[in-house]
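Understanding the architecture of this molecule
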Amino acid sequence: MNYEKFKEEFAQRFRDYLPKPYNTWTLKLCTVPKVNGFVEAINLLPENEAAAVPNLYVSDLYEAYQFYGDMDEMLKRAAEAFVIGMKYTRQAAQQLDLEDPRGHIVYMLINTEMNGELLKDVPHRSFLDLTIIYRLIVDCPGEGFNSAIIDHRMAEQYQLDEEELFRIAAENTPRLMPPIVESISESFYLLTNRQRTLGASALLYQDILECAAEKMGADLFLLPSSIHEVFLIPDAGQNRAMMRRTVVEANQSVVKKSEVLSDNVYHYCRATGALTVASDSENRIS
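Note that this is a predicted model, so its numbers are computed, not measured. (Residues numbered from 1 in each chain as written. Predicted model: local features only at pLDDT ≥ 70, side-chain atom pairs only at ≥ 80, totals over all residues. Heavy atoms only, no water.)

1. Thoughts on unusual backbone geometry
Each neighbour pair has its own omega, and for Lys20 with Pro21 the value is -5 degrees, a cis peptide bond. Here Pro21 lies in the loop between α1 (3-13) and β1 (26-34). In the Ramachandran plot, Asn36 falls in the positive-phi region, its phi being about 70 degrees despite a non-glycine side chain. Despite not being glycine, Leu128 has its phi angle at roughly 55 degrees, a positive value. (Helix = DSSP H or I, 4+ residues; strand = E, 2+ residues; numbered from the N terminus.)

2. Considerations on the sheet that holds strand β9 (residues 188-193)
Strands belonging to one sheet form pairs held by backbone hydrogen bonds; the direction of such a pair is parallel or antiparallel. Overall, antiparallel pairing links the 6 strands, which are arranged β8-β9-β11-β10-β12-β13 in an open sheet. The open sheet terminates on both sides in strands that have one partner only, identified here as β8 (179-185) and β13 (274-277). Across the sheet, the mean angle separating the axes of adjacent strands is 30 degrees when strand polarity is ignored. Across 3 bridges, β9 lies against strand β11 (residues 229-234) in antiparallel orientation. Bridge pairing links Leu190 to Phe231 in β11. Running at roughly 10 degrees to strand β10 (residues 220-226), helix α8 (residues 240-253) makes contact with β10 and β12 (266-269) of the sheet. (Pairing = 2+ DSSP bridges. Axes fitted to C-alpha atoms, helices over the stretch in contact; angles between N-to-C directions. Contact = heavy atoms within 4.5 Å.)

3. Overview of the sheet that holds β1
A sheet is described by the order of its strands in space; here 3 strands give the open sequence β1-β2-β3, paired in antiparallel fashion. Edge positions in the sheet fall to β1 and β3 (56-57), since each of these pairs with one other strand and no more. Here strand β2 (residues 37-45) pairs with β3 via 2 bridges, running antiparallel. What sits directly across from Ala41, in β3, is Tyr57. Lying on the sheet, α1 is in contact with β1, β2 and β3; it crosses β2 at an angle near 20 degrees.

4. Describing helix α6 (residues 162-176)
Between the first and last C-alpha of α6 there are 20 Å, a value that for 15 residues agrees with the 21 Å anticipated at 1.5 Å per step. Listed in full, the buried residues belonging to α6 are Glu162, Leu165, Phe166, Ile168, Ala169, Asn172 and Thr173. For α6, the side-chain oxygen to backbone nitrogen distance between the N-cap and Glu163 is 3.3 Å, and the N-cap itself is Asp161. (Expected span 1.5 Å × (residues − 1). Buried < 20%, exposed > 50% of the residue type's maximum accessible area, 1.4 Å probe, protein only. Polar contact = N/O pair within 3.5 Å; in protein donor to acceptor, adjacent residues only side chain to side chain.)

5. Structural notes on the pairing of β12
Pairing of β10 with β12 involves 3 bridges; the strand directions are antiparallel. Residue pairing in the sheet places Leu222 in a bridge with Tyr266 of β12. Examined bridge by bridge, β12 and β13 share 4 bridges and lie antiparallel to one another. If you follow Cys269 over to β13, its bridge partner there is Ala274.

6. Concerning the packing of aromatic side chains
Aromatic ring pairs are described here by two measures, namely the spacing of the ring centres and the angle between the planes. Applying the stated criterion across every chain, the model contains 12 aromatic pairs. Both rings, one in Tyr22 and one in Phe82, keep their centres 5.5 Å apart while their planes meet at 85 degrees; by these two values the pair is edge-to-face. With Tyr22 in the loop between α1 and β1 and Phe82 in helix α3 (residues 71-96), this residue pair connects regions lying 60 residues apart in the sequence. Centroid distance Tyr62 to Tyr65: 6.2 Å. Interplanar angle 25 degrees. Geometry classified as stacked. Of the two residues, Tyr62 and Tyr65 both sit in helix α2 (residues 58-68), 3 residues apart, roughly one turn of that helix. Among the residues examined, Tyr65 registers a relative accessible area of 12% and is labelled buried. For the cation-ring pair, Arg125 lies above Phe166, with the distance from its terminal atom to the ring centre recorded as 3.9 Å. (Phe/Tyr/Trp six-rings, centres within 6.5 Å; stacked < 30°, edge-to-face > 60°. Lys NZ or Arg CZ within 6 Å of the ring centre and 35° of its normal.)

7. Side note on the confidence of the model for the chain
When pLDDT is averaged across the chain, the result is 88; 89% of the residues are at 70 or more. When pLDDT is averaged over each helix and strand of the chain, the minimum, 73, is found for strand β7 (residues 145-149) and the maximum, 97, for β11. Counted against residues more than four places away or in other chains, residues 280-286, with its pLDDT under 50, gives 16 contacts. (pLDDT = per-residue confidence, 0-100.)

8. Focus: the pairing of β10
Counting buried residues in β10 gives 7 out of 7 residues, a clear majority hidden from the surface. With 6 bridges joining them, β10 and β11 adopt antiparallel strand pairing. Looking at β11, one finds that Pro224 is bridged to Val230.

9. Let's talk about the pattern of salt bridges
One pass over the full model with this rule turns up 14 salt bridges. The residue Arg13 makes a salt bridge to Glu9 at a minimum N-O spacing of 2.8 Å. A residue pair is termed a helical-turn pair when its members lie 3 or 4 positions apart in one helix, as Arg13 and Glu9 do in helix α1 at 4 residues. If you follow the salt bridges from partner to partner, you end up with Arg102, Glu164, Arg167 and Glu171 in one network. (Salt bridge = Lys/Arg side-chain N within 4 Å of Asp/Glu carboxyl O.)

Right, here's the structure in full:
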């Protein structure tokens, strides 16, 4: 069964596998904006009532169907997951409905070119070939944390403009998501955060690159592995074009599309404190 046929059959039969009251809710197919693109999702919504509901991503459902090879088994498992997801989503919505969000705002880095549509809806600022956006995060004991991208509606609700969001996030993110620099080999290091999630934003932390460069005794090349981590390499005159090809190939064959950060290589200069796209003009963190 191909993707389109699967999507149609799933939409027709899914509610038959759900308990009350979910089996009476309205099923809708929608497109959900995500980092680096959009995904097709199926929603179930109660009539005349606003509700937090989990998204069922069609690509994930289809992948699971291909694994099980049985539509009935797939529908049964999807229904079980939806019921569990409803409980989780309601809890998450309550946690994210904060009277004072200031202590929970962090920033993340995303690719500018791949997120044109998303950036229309969210406060943001440019950084090199990337863009800084903001997320609201809350801890979930034993389950990491919940998070949501802050869009213009949320920013207006919290009465925070982009300047204020950046100031708050610059204080919160290093505190809530402390940086880690790990040695992978003698001249290969990994920069991320303790949660190993959205860790590429650690390169924005004050003094982190300065300290790393001083420890290594050299300027640095930065190879973006994903939105979650960046590789640091002491500058020993490596071929920049070759390093960039390595990043491009990894993004095309290894990194999930939703986690790609950039095809570019970056350079940090100890003498000036400048982080630049390798061989491009300077762009200081500010």
